[in-house]
Number of protein chains: 2
Amino acid sequence: MSLDPHSPRGAHQLRARRLGLFAQHESIVLMRRDCHVCRAEGLSARSQVQLMAGGREVYATLYQLDGDLLELDEAALSEEAWRLLGVAPGAPIQVRHAPALESMSSVRRRIYGSRLDDPAIGAIVRDVAAGRYTDVHLAAFLTASSALQLDESETISLTKAMVDVGDRLSWKADMVVDKHCVGGLPGNRTTPIVVAILTACGLVCPKTSSRAITSPAGTADTMETLAPVELDLAAMRHVVDAEGGCIVWGGTVNLSPADDIFIRVERVLDVDTEGQLVASVLSKKIAAGSNHVVLDLPVGPTAKVRSAEAGEELAERLSHVATHFGVKTRCVLTDGSQPVGRGVGPALEAFDVLAVLQNAPEAPQDLSARACLLAGAALELAGVAKAGEGAVLAEAVLADGRAWAKFKAICDAQGGMRTPPTAGLQSPILARRSGRVVHINNRQIATLAKLAGAPERKAAGLTLEVRLGDEIGAGQPLLTLHAESDGELAYALDYASAHPDLVEIQA
Amino acid sequence: MSLDPHSPRGAHQLRARRLGLFAQHESIVLMRRDCHVCRAEGLSARSQVQLMAGGREVYATLYQLDGDLLELDEAALSEEAWRLLGVAPGAPIQVRHAPALESMSSVRRRIYGSRLDDPAIGAIVRDVAAGRYTDVHLAAFLTASSALQLDESETISLTKAMVDVGDRLSWKADMVVDKHCVGGLPGNRTTPIVVAILTACGLVCPKTSSRAITSPAGTADTMETLAPVELDLAAMRHVVDAEGGCIVWGGTVNLSPADDIFIRVERVLDVDTEGQLVASVLSKKIAAGSNHVVLDLPVGPTAKVRSAEAGEELAERLSHVATHFGVKTRCVLTDGSQPVGRGVGPALEAFDVLAVLQNAPEAPQDLSARACLLAGAALELAGVAKAGEGAVLAEAVLADGRAWAKFKAICDAQGGMRTPPTAGLQSPILARRSGRVVHINNRQIATLAKLAGAPERKAAGLTLEVRLGDEIGAGQPLLTLHAESDGELAYALDYASAHPDLVEIQA
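Residues numbered from 1 in each chain as written. Chains lettered and ligands numbered in written order. Predicted model: local features only at pLDDT ≥ 70, side-chain atom pairs only at ≥ 80, totals over all residues. Heavy atoms only, no water.

From N to C terminus, chain A includes 18 helices and 18 strands. Compactness check: chain A gives a C-alpha radius of gyration of 25 Å against a globular reference of 23 Å for 507 residues, within 12% of the reference. Counting over 507 residues, chain A shows a buried share of 60%. Sequence separation of at least 24 residues holds for 79% of the intrachain contacts in chain A that already meet a minimum separation of 6. (Helix = DSSP H or I, 4+ residues; strand = E, 2+ residues; numbered from the N terminus. Rg over C-alpha atoms; globule rule 2.2 N^0.38 Å. Buried < 20%, exposed > 50% of the residue type's maximum accessible area, 1.4 Å probe, protein only. Contact = heavy atoms within 4.5 Å.)

This part covers the sheet that holds strand 14 (residues 435-440) of chain A. If you walk across this open sheet you meet the three strands as 16-14-18 (chain A), and the pairing is antiparallel. Each edge of the open sheet is held by one strand with a lone partner, namely strand 16 (471-472) and strand 18 (503-506) of chain A. (Pairing = 2+ DSSP bridges.)

This part is about the nonpolar core. Ranked by internal contacts, the top residues of the largest apolar core, which has 58 residues, are Phe262(A) and Phe262(B). If sequence neighbours within four positions are ignored, Phe262(A) has contacts with Val128(A), Leu138(A), Phe141(A), Leu142(A), Leu158(A) and Met162(A). (Core = buried A, V, L, I, M, F, W, Y, C linked by side-chain atoms within 4.5 Å.)

For the rest of this paragraph, the subject is the interface of chain B and chain A. Counting residues at the interface gives 60 residues for chain B and 60 residues for chain A. A combined buried area of about 5,200 Å² lies between chain B and chain A, and 61% of that area is made up of carbon and sulfur atoms. The largest share of the area that chain B buries against chain A comes from Phe22(B), Tyr491(B) and Asp494(B), three residues that together contribute 14% of it. At the boundary of chain B and chain A, one finds four salt bridges. (Buried area = accessible area lost by both parts, 1.4 Å probe. Salt bridge = Lys/Arg side-chain N within 4 Å of Asp/Glu carboxyl O.)

Compared with the 18 Å implied by 1.5 Å per residue over 13 residues, the 19 Å span of helix 10 (residues 257-269) of chain A between its first and last C-alpha is a close match. Taken residue by residue, helix 10 of chain A has Pro257(A), Ala258(A), Asp259(A), Ile261(A), Phe262(A), Ile263(A), Val265(A), Glu266(A) and Leu269(A) as its buried positions. Tucked inside the fold, the buried residues of helix 10 of chain A contact helix 4 (118-129), helix 5 (135-147), helix 6 (152-164) and helix 11 (274-287) of chain A together with helix 3 (104-111) and helix 5 (135-147) of chain B. One or two residues past the end of helix 10 of chain A sits Asp270(A), with phi positive at roughly 55 degrees. (Expected span 1.5 Å × (residues − 1).)

For the rest of this paragraph, the subject is the confidence of the model for chain A. With 98% of its residues at a pLDDT of 70 or more, chain A has an overall mean of 93. In the model, residues 1-10 of chain A has pLDDT below 50 throughout and makes 24 contacts with residues more than four positions away in sequence or in other chains. (pLDDT = per-residue confidence, 0-100.)

Right, let's get into the relation of the copies chain B and chain A. When chain B is fitted to chain A, the residual RMSD is 0.1 Å, and the transformation amounts to a turn of 180 degrees plus an axial shift of 0.1 Å. Each copy turns onto its partner about a two-fold axis. Taking C-alpha positions as reference, the residue of chain B nearest the rotation axis is Val136(B), located at 2.6 Å. Most of the interface of chain B is mirrored in chain A, where 100% of its interface residues again form contacts. (Least-squares fit on C-alpha atoms with pLDDT ≥ 70 in both.)

We now examine the packing of aromatic side chains. Residues and elements named next belong to chain B. By the definition in use, this model includes five aromatic pairs over all chains. In this arrangement the basic side chain of Arg 211 is found over the ring face of Trp 249, its NZ or CZ atom lying 4.9 Å from the centre. Seen from the ring of Trp 171, Arg 237 lies directly overhead, with NZ or CZ sitting 4.9 Å from the centre. (Phe/Tyr/Trp six-rings, centres within 6.5 Å; stacked < 30°, edge-to-face > 60°. Lys NZ or Arg CZ within 6 Å of the ring centre and 35° of its normal.)

Under the criterion given, the structure shown has four cavities of 30 Å³ or more. As a volume, the largest cavity reaches approximately 90 Å³. Taken together, Arg17(A), Leu19(A), Leu30(A), Leu65(A), Leu69(A), Leu70(A), Leu19(B), Leu30(B), Leu65(B), Leu69(B) and Leu70(B) make up the full set of residues lining the largest cavity. Classifying every residue of the lining of the largest cavity gives ten nonpolar, no polar and one charged. (1 Å grid on protein atoms, 1.4 Å probe; cavity = no way out; pocket = protein on both sides within 12 Å on 5 of 7 lines; lining within 4 Å. Points joined across faces, edges and corners; volume = space filled by probe spheres on them. Nonpolar A, V, L, I, M, F, W, Y, C, P; charged D, E, K, R; others polar.)

Moving on: unusual backbone geometry. Cis peptide bonds are those with omega within 30 degrees of zero, and the linkage from Ala454(A) to Pro455(A) qualifies with 0 degrees. Positioned with a positive phi, Gln24(B) is a non-glycine residue whose angle comes to about 55 degrees. Judged by relative accessible area, Gln24(B) falls into the partly exposed class, the value being 42%. A positive phi is found at Asn359(B), a non-glycine position, where the angle reads about 55 degrees. Within the secondary structure, Asn359(B) is located in the loop between helix 13 (346-357) and helix 14 (365-381).

Next up, the structure:
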């Protein structure tokens, strides 16, 4: 008899079944409660188990079934578990109790107030990236490092560990430029414009972007209405070699995968402390091979950063930690008091981007100005423009069509330019009174656009018809909803009725 | 159009299906990803949703399915959701986004270091008891109140809130006596003996006990091998009126239901701070209507309380908070260095209890002595014995058969005495060397008994053949495994081989 009680044995073997079960990032296995593995291993519902097949292993949460939905010898996997394990239907898989999580003892020490050193944080992040932490473990780690905030040394260790567990890109150029927004502002789609300006100026800017997680659009969602974005690393390199830059979805490269896992739980808890934010942002940039990074920090009452002081503090922490990794940063505190541009939603934001790049008369000036401000900061950081002259250069490159030409070339290199779709249904939301627009709630605007169908329905969302300070008459449109189905339109209209102050008007 | 965007509408209606899905305490609903509710509500995998039917509402986590395991209009419920919602198969249920959890803003404040007042803690506990907190939210609350430990005022608020959300029993007697062990010691089954002694002395002792959660046996599991324990409140009152006491499963009465929810997550995290423990123990006792409580605090290197100092501190906190609620306590620090009695497992512990009550020659003396110590403390606390004379009185009541007679009467009143089952398979674990027993690992002993099948298989578990300090020869039995199936026996044998030091022998 084996000395190792957990040695894989035929007795612990089941047949893999793909269930078509969507559980977000969660790896789940369903087994019959009366199957021999549950009995032999003493498994009960919500046990953490280890699945093994073909040399791969996956940690999963077990749910048990009575009845005949499953065969007695089947282990039915959620989509995430199926993807990670990579087995064929019916293939044998071994199931056993998940081994104890050694790194949780460090999390427990952190809960009780001990600071963690580099090896301890490294072990935690490796377990997180390997999918060994349940959401409960993740919540404990994130809460503990919020209650007693990460200090600079811990933040550096966390950043390093997060880079280490993922891929790390490298580029031929010595100088690799990037920009990033800490988020929270609907319609703030400067990235495609900034990348076009920077690459038109000869800088290397291999931009990987995310899809929306809880917002109405991510840069990758918007860009996808203009060109293919799901490029693998080879294709991405090809585009960057040819054009100096790209705007692709980061999901095909595995940059700081632990960050994606932390973020999902942070959003559930609505907890996002400085140390975690710094490690999150910088680990992605370092892994992407960037060494000159401009950071957009929108400040406003309904933005992520609520005050200029908080913005300055965050900027200082970001710069300190970045310096430790040889990354030069420039933080730009921007106006976060209202959405940027007119459109909110993948295609609607793409139309704003196009209008700015094409110098169209209807182009939203705030989006254009923000893009030039950020591009200018990057041009100065990279030494292409002198201090104070970056924005002017950016404006010139935008005005004379060079940015637009470069953007088209990038789209072509990524697989061909597309025309964003338009939604079949449109309905205005009208002002109930006359007066001046005194407040626009970024969070409610984002929710409204999502109810209308964004980002799943690419053409859905809303267009703002007013900006802060505008004088408006009763019955005039505040915004227009765009939807692809009656149900979603009705749902968004309901929400707008229930939240009349999402655009606040003072007589 | 309704002003409330979430008003139940026919459009959000599905048909209830019972799936036979076991997910522990988790309420889960499975729906087709392409169903009209998911589309109209913009639901995605792992959304928190609110299920409504027949005036009841349940919060559940949504998982989505592709394929035809479910019909398009079906909402398939986990066992817990099914139980809570109480619908018939095929009944219409409404599904909508779960409303925002207002009390989480207090949890977030607590995460960032603010103390919580009584109303804030009350709101959190009400949401927890209503099943509105996911495990992630629970983990955040528990971690936050461990990182910055609950102070006495918060502990009192938490205790009070936990009592308030459940049922509260009241008894005719002015003095209601109870005992409780903070846990962690296998075989520590003093409760049936203590209750028999106390009620034989005329005290009122309506004891509600729990089943095992992670241990090889709870008092309710052991007692169930001796008599029925699933009595409703009316039946319980009947027993207490007739005999002065009972030993029933607490699950049929709803005492401090939030406690059960907290405990499940604490066990996953292996975090259990003083404030949480105090609120947990006392809320159950207060809700059960007890006002004189003896607390057994086993102290040992592998018990929950690791040192006498920690035990004294915990005792002081328990007594302080109990006093606030008019509950008199006596804390008894006991030897937690090794399991109590011989048996570990529901029926095997029942045999020890019977042997002690019957004054059998093979009765484990340590179990007998502990029971008399605790019963004696209760007799003194209740004023039935003078200080220092309680244990002697308890021993007398045990020795002269009064406790045994009373125990039989209680069992009869609960529905009739039973003979505990014995396991078909038995296998000894032998000493590999001769020497003295210097350490017995409580945690590994518990794991071993569980692997052998306890507590699901009532007769399974183990009997210890040695105690600390015993001299033993190589090849002599350290313990005997009891199992009901070959697989479970083999698994327990494997574990014992892999952990030769679970009983440590020094030459």
